[in-house]
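As a plain string of letters, each chain reads:
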Amino acid sequence: MVLAKTKKPAAVPALNPQTCASRRSGDGVADTPPDLGKEVELRVYRDMLMIRRFEERAGQMYGMGLIGGFCHLYIGQEAVVVGMQLALKPGDQVITGYRDHGHMLACGMDPKGVMAELTGRRSGYSKGKGGSMHMFSVEKNFYGGHGIVAAQVSLGTGIAFANRYRQNRNVCLTYFGDGAANQGQVYESFNMAELWKLPVVYVIENNRYAMGTAVTRASAQADFSRRGLSFNIPGEQVDGMDVRAVKAAGDKAVAWCRAGNGPYILEMQTYRYRGHSMSDPAKYRTREEVDKVRHDQDPIEQVRNRLLAAKMSEQELKAIDAEVREIVNAAADFAQHDPEPDPAELYTDIYR
Ligand SMILES: Cc1ncc(C[n+]2csc(CCOP(=O)(O)OP(=O)(O)O)c2C)c(N)n1
Ligand SMILES: [Mg+2]
């Protein structure tokens, strides 16, 4: 069979705030997410801003040739990791793919260690030998950082198996993309996870593109919350641009897993503002499309507007931004002055 070549990419349906609020797959009912309260709103504002500023700086440093190799930025998707992190308890684990800087910062990893890894320096999380896609912190329960699309789905399922075996009541958040969701090992993992009632939340970050391919061109079933139906895994679509909706859905999913009910799927409807990686000029979509999401749905602006409406002053918010910028500046400075790894390190941390 010869497939007809499509010249123009199929139009990607716009994110619809009306339909993408947290809902049970199939019931079509949108709920208004509960308020987080001022204290938590301030915390999520700061945490999302930290990721945004860190990523902007990493992008600049990449452009200056200070960072080599691959570098995939998370800008636009911040509400997903920051909201999900609010649902976790100490001991719960996180694993993801290569778009991982935001996940590491949300897990509490040190911006200096992450940035030093990006510049390939010895104080980086992988001693300067892993780079953007390969960082880990057992202390912070972050299990990588994986460059093979969907590999982390099986690994995260394995972590959940260990939790169940040890009866430690921990839950593993396993993040992957809309493109990764079409990989075969995802479904082998789903089957085992449901069969053995493993405590794993599959967080599908649907940012509407896999490299240059729009979701509608690559996925026969683009409602990712339904991808576990044939394994009896419940799923929900969530407005991944609204940190309140993410937290509410995260709380429910994590509670389900912790109670021993098995896995849960959350499809986070989100958007990446930058190209797939630093080398992608993103010609497969229009500038207007990106600007519209930024203007209408930016996750940080949403929180900022709510804080201003709650009588927080512009100055107070600026002070948070200044504090965040200072931390990011210090990380960038550290990452440029830390020494490179000793050449002898070439022979350590490897299988012989
Ligand atoms: C097994 C495998 N196939 C292909 C690739 C090349 N590749 C890297 S990222 C990517 C797209 C994945 O998109 P998605 O899962 O939507 O994640 P996103 O980049 O949007 O966060 C592809 C095809 C790879 N790294 N590994
Ligand atoms: Mg994607």
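In short, a report on the structure. Numbering of residues begins from 1 in every chain and follows the order in which that chain's sequence is written. Working convention: letters from A go to chains and numbers from 1 go to ligands, in the order in which they are written. Predicted model: local features are reported for residues with pLDDT of at least 70 only, side-chain atom pairs are reported and counted for 80 or more only, and whole-chain, interface and lining totals are derived from all residues. Water and hydrogen atoms were dropped before computing side-chain values, which therefore reflect all heavy atoms in the structure.

Further remarks concern the site of ligand 1. Note on terminology: near, applied to a residue and a molecule or strand, indicates that one of the residue's heavy atoms is within 4 Å of it. With respect to spatial proximity, 15 residues lie near ligand 1, and among them Tyr 98, Arg 99, Gly 179, Ala 180 and Asn 207 are the closest. What qualifies as a polar contact is a pair of N or O atoms within 3.5 Å, subject to a donor-acceptor requirement within protein and to the restriction that residues adjacent in sequence count only when both atoms come from side chains. Gly 179 has a polar backbone atom sitting 2.9 Å from an oxygen atom of ligand 1. Surface accessibility in these figures is a Shrake-Rupley result with a 1.4 Å probe; residues are shielded only by whichever protein chains are displayed. Notes on ligand 1: free accessible area 590 Å², of which the protein chains cover 71%. When the residues that make up the shell around ligand 1 are grouped by side-chain class, the tally is seven nonpolar, six polar and two charged. Under this grouping Gly is polar, as are all residues other than the nonpolar Ala, Val, Leu, Ile, Met, Phe, Trp, Tyr, Cys and Pro and the charged Asp, Glu, Lys and Arg.

For the rest of this paragraph, the subject is the side chain of Arg 99. Helix numbering and strand numbering both begin at the N terminus, where a helix is a DSSP run of H or I of at least 4 residues and a strand a DSSP run of E of at least 2. In this fold, Arg 99 is placed in the loop between strand 2 (93–95) and helix 3 (101–106). Relative accessibility under 20% of the residue-type maximum defines a buried residue, over 50% an exposed one, and the middle range a partly exposed one, all with a 1.4 Å probe and only protein chains included. Counted as positive: Lys and Arg. Counted as negative: Asp and Glu, with His and the chain ends omitted from the count. Here, a salt bridge means any Lys or Arg side-chain nitrogen found within 4 Å of an Asp or Glu carboxyl oxygen. Although Arg 99 is buried, it forms no salt bridge, and the closest oppositely charged side chain is Glu 55 at an N-O distance of 6.9 Å. Looking at Arg 99, its side chain comes within polar contact range of the main-chain oxygen of His 276, at 3.0 Å. Any two residues whose heavy atoms approach within 4.5 Å at even a single point are treated as in contact. Look past the residues within four positions of Arg 99 in its chain and what remains in contact with it is His 72, Leu 73, Tyr 74, Gln 77, Asn 207, Arg 272, Gly 275 and His 276.

A few words on the pattern of salt bridges. All told, the structure shown has 21 salt bridges when counted by the stated rule. Arg 244 serves as the salt-bridge partner of Asp 242, at 2.9 Å between the closest nitrogen and oxygen. The pair Asp 242 / Arg 244 is uniform in exposure class, with both members buried. Salt bridges sharing partners connect three or more residues here, namely Arg 53, Glu 56, Asp 321 and Arg 325.

Let's shift gears to the nonpolar core. The term nonpolar core refers to a set of buried residues drawn from Ala, Val, Leu, Ile, Met, Phe, Trp, Tyr and Cys, joined through side-chain atoms within 4.5 Å. Membership of the largest hydrophobic core comes to 71 residues, with the highest contact counts inside it found for Met 84, Val 201 and Leu 266. Per-element tally for this core: the top contributor is helix 1 (residues 38–63), with nine residues. Setting aside residues no more than four positions away along its own chain, Met 84 makes contact with Leu 173, Tyr 175, Val 201, Val 203, Val 246, Gly 250, Leu 266 and Met 268. One finds Ala 180, Ala 181, Val 215 and Phe 224 within the second-largest nonpolar core, a separate group that totals 21 residues.

What follows covers the coordination of the magnesium ion (ligand 2). For the magnesium ion (ligand 2), the full set of protein donor atoms is Asp 178 (OD), Asn 207 (OD1) and Tyr 209 (O), at a range of 2.1 to 2.2 Å. Sequence spacing of the donor residues for the magnesium ion (ligand 2), all on one chain, is D-x28-N-x1-Y. Tyr 209 shares its class with Asn 207; the two are buried. Donor criterion used throughout: N, O or S atom within 2.8 Å of the metal, extended to 3.2 Å for Na, K and Ca. Water excluded; incomplete-looking sites may result.

Another aspect to go through is a nonpolar patch on the surface. Residues Phe 161, Tyr 165, Met 192, Leu 195 and Trp 196 make up a contiguous nonpolar surface patch of roughly 580 Å² in combined accessible area. By the secondary structure assignment, Met 192 is in helix 6 (residues 184–195). Residues form patches when they are more than 30% accessible in relative terms and have no salt bridge. Like charges link within 9 Å. Nonpolar side chains (Val, Leu, Ile, Met, Phe, Trp, Tyr) link within 5 Å.

Let us look at the pairing of strand 7 (residues 235–239). Along strand 7, five of the five residues are buried, which leaves the element largely enclosed by surrounding structure. On strand 7, burial covers both faces: Gly 235, Gln 237 and Asp 239 on one face and Glu 236 and Val 238 on the other are all buried. Relative to strand 8 (residues 264–269), strand 7 runs parallel, the two being bridged by five bridges. For Val 238, the partnering residue across the bridge sits in strand 8 and is Met 268. Crossovers are described as right-handed under a simple rule: with the strands pointing away from the observer, the path leading from the first strand over the helix to the second runs clockwise. Once you follow strand 7 into helix 8 (residues 243–258) and on to strand 8, the crossover reads as right-handed. In this analysis, strands are considered paired if DSSP registers two or more bridges between them.

Each aromatic pair joins two rings of Phe, Tyr and Trp (for Trp, the six-membered one) with centres within 6.5 Å, and gets the label stacked for planes under 30 degrees apart, edge-to-face for over 60, and tilted for any other angle. In the structure shown here, the tally under the stated rule is 10 aromatic pairs. Ring geometry for Tyr 187 against Phe 231: centres 6.3 Å apart, planes inclined by 25°, an arrangement best described as stacked. Of this pair, Tyr 187 sits in helix 6 while Phe 231 is found in the loop between helix 7 (215–218) and strand 7, placing the two residues 44 residues apart along the sequence. Taking 5.8 Å as the distance between ring centres and 70° as the angle between the ring planes, the aromatic pair formed by Trp 256 and Tyr 264 counts as edge-to-face. On the accessibility criterion, Tyr 264 (1% relative accessible area) is buried.

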